[in-house]
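# Notes for the structure review
Below are the chains, spelled out letter by letter.
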Amino acid sequence: MLKPEEVTSAIKSEIQKFEKKLEMESVGYILQVGDGIARVYGLDEVMAGELVEFADGTFGMTLNLETSNVGVVILGSDAGLKEGDLVRRTQRIVEVPTGKALLGRVVNPLGRPLDGKGPIAAQSKRPVECIPPNVLKRQPVKEPLQTGIKAIDAMIPIGRGQRELIIGDRQTGKTAIAIDAIVNQKGKDVKCIYVAIGQKLSSVVQLTKTLEAVGALEYTTVVVASSEDPAPLQFLAPYSGCAMGEEYLYNGQHALVVYDDLSKHAQAYRQLSLLLERPPGREAYPGDVFYLHSRLLERAAKVRDDLGAGSLTALPIIETQAGDVSSYIPTNVISITDGQIYLETDLFYGGVRPAISVGLSVSRVGGNAQTKAMKQVAGMLRLSLAQHRELAAFSQLSADLDKATKDQLNHGERMVEILKQDILSCMPLERQVAIIYAGNKGHIDDIRIDLVKLFEKELFEFIESKHGSLFHEIATKKALTEQTEQTLEKIVKTFKGEFFLRHP
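So, here's what we can say about the structure. Per chain, residue numbering runs from 1 following the sequence as it is written. Residue-level local features of this predicted model are given only where pLDDT is at least 70; pairs of side-chain atoms are given and counted only at 80 or more, and the full residue set underlies all totals for whole chains, interfaces and linings. Hydrogens and water molecules were not included; the side-chain quantities draw on all heavy atoms of the structure.

## Quick word on the sheet that holds strand 6 (residues 86-93)
Read once around its circumference, the closed barrel built from 6 strands follows the order 1-2-5-4-3-6, with strand pairing classed as antiparallel. In this sheet, neighbouring strand axes are inclined to one another by 45 degrees on average, regardless of whether the strands run parallel or antiparallel. A pair of strands is considered paired only if DSSP assigns at least 2 bridges between the two. The way it works is that DSSP assigns letters per residue, a run of H or I at least four long becomes a helix, a run of E at least two long becomes a strand, and they are numbered from the N terminus. Pairing of strand 3 (residues 50-54) with strand 6 involves 4 bridges; the strand directions are antiparallel. Note on strand 6: the bridge partner recorded for E50 is I93. All axes here are fitted lines through C-alpha atoms, helices being fitted over the stretch that makes contact, and every angle between N-to-C directions spans 0 to 180 degrees.

## Focus on the environment of V128
Turning to its location among the elements, V128 is positioned in the loop between strand 9 (124-127) and helix 2 (150-155). Residue burial is assigned from relative accessible area. The probe radius is 1.4 Å, only protein chains are included, and a residue is buried under 20% of its type maximum, exposed over 50%, and partly exposed in between. Relative accessible area serves as the criterion here: at 1%, V128 is assigned to the buried category. Contacts: residue pairs with any heavy atoms within 4.5 Å of one another. With residues up to four places along the chain from it excluded, the contact list for V128 reads V94, E95, V96, L236, Y239, S240, A243 and R299.

## With respect to the packing of aromatic side chains
Aromatic pairing here means that ring centres of Phe, Tyr or Trp (its six-membered ring) are within 6.5 Å. Orientation follows from the plane angle: under 30 degrees is stacked, over 60 is edge-to-face, and everything else is tilted. Tallying each qualifying case throughout the model produces 9 aromatic pairs. Here, a charge over a ring is recorded when the distance from Lys NZ or Arg CZ to the ring centre is within 6 Å and its angle to the ring normal is within 35 degrees. Its guanidinium or amino end placed over the ring of Y285, R270 lies 4.2 Å from that ring's centre, counting from NZ or CZ.

## Considerations on a nonpolar patch on the surface
Think of a patch as exposed residues, more than 30% relative accessible area, with no salt bridge, where like charges cluster within 9 Å and nonpolar side chains (Val, Leu, Ile, Met, Phe, Trp, Tyr) cluster within 5 Å. Per-residue and other accessible areas were derived by the Shrake-Rupley procedure at a 1.4 Å probe size, with only the shown protein chains allowed to occlude residues. Definition used for salt bridges: Asp or Glu carboxyl oxygen within 4 Å of a side-chain nitrogen of Lys or Arg. Nonpolar side chains collect at one region of the surface, where V7, I11 and I15 lie side by side and expose about 270 Å² of accessible area between them. Inspection of the secondary structure assignment puts I11 in helix 1 (residues 4-17).

## Side note on the nonpolar core
In terms of nonpolar packing, the biggest core is built from 71 residues, with M155, L211, I341 and L381 touching the most fellow members. When residues no more than four places from it in sequence are discounted, the contact partners of M155 are V358, Q370, L381, R382, L385 and L419. Throughout, nonpolar core names a set of buried Ala, Val, Leu, Ile, Met, Phe, Trp, Tyr and Cys residues whose side chains join them through atoms within 4.5 Å.

What follows is the structure, encoded as structure tokens:
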């Protein structure tokens, strides 16, 4: 028989173990829904940017906190939602999975897979909105990020931690430059994130297949908010891509993120803002459209050595209308970034590809983000090409030109020919240095213009087969010593003699 004290102690221990199962839950009701926006009543304690869950399992993000209701953008389809439905708080800010599990995957802006390769076993998550590192945590951009494109690496260098804008009309090769930059990071320990905003799904599929074919998808994550996705997902996409890149930045690694493109991003945000009844400003964009892009692009940085020396490089893309760089969104993004690569329609259709306008393109980091070898050979290249453009325009008006002008035009034409490059034909530093050196020193000036590309190809083969150590030396030292320069000069002269014998 049980003693009374045993019963008492048993009851006491049970009471101590007892936990209240009652939980307070903040819920609201949909007042109005449509066009990807829901007005919700009753979520009094909700946070700005908080994730809320609707009755059918769809998620939303709170953007407008008003006195009588909350404006929620729906991250998915609003087809299953109706007036009076229950809305629950999650008490979490919108966050995405991050880390190496996302490499080689195609995901939506919430980090959910779209490639049919099964679930993503991500170990960590990051909020999509994050405060950028402050001035004291950063260090200057001084480490090159090679794109493998001669014209960019020589004249508009990009450094790790830089934000370089790619701007131009539609169909001028903006995405092609971004793809080349991603492909060229193979073996360089730089993780890449490509964010497709408002693009056709067929274009994204083609791009993913291209990356896969050249072996670049294994270190790349593709974030897709296509043109058929609702505006809230298009608005969220670049921030999600940036958060995925920050995982590497804050862990001492390097990442490159491409936003393709921010014009469509601004349009998606304009749509949301107008539906949320925020007052419109210039071109009907809301007043905070500058902050929309500045808070995104400021997150690209190179952090101090004692913080891991990680970097996040951003390549935002902007599409202009009829070459108008002075419209609202292009001027905003130009003022945020550290330089721009301007692609010209006339050059593109004239066969100069990549169609980079030397006069309008600039890198505000400049030579700091270049290797010494490239600085040595390409120092005056921009200036001479800009002069060539002016002379070419002037020479169309004048029939009789003196010999010096003709020589300069002739030299400029060959340099333009050297800088032409096909997509997916990335060139390592040592090869770029060799051909730009040969061009700058005038060794190509007396070669027929239709043979310049052949000269370049055979010169590389000649150096590879007979003087392989020269390429190795330039690649490892990343500088041209006096002796290396003399050797290179001698090799180019020897090869040129042989080339003329084969192609008189």
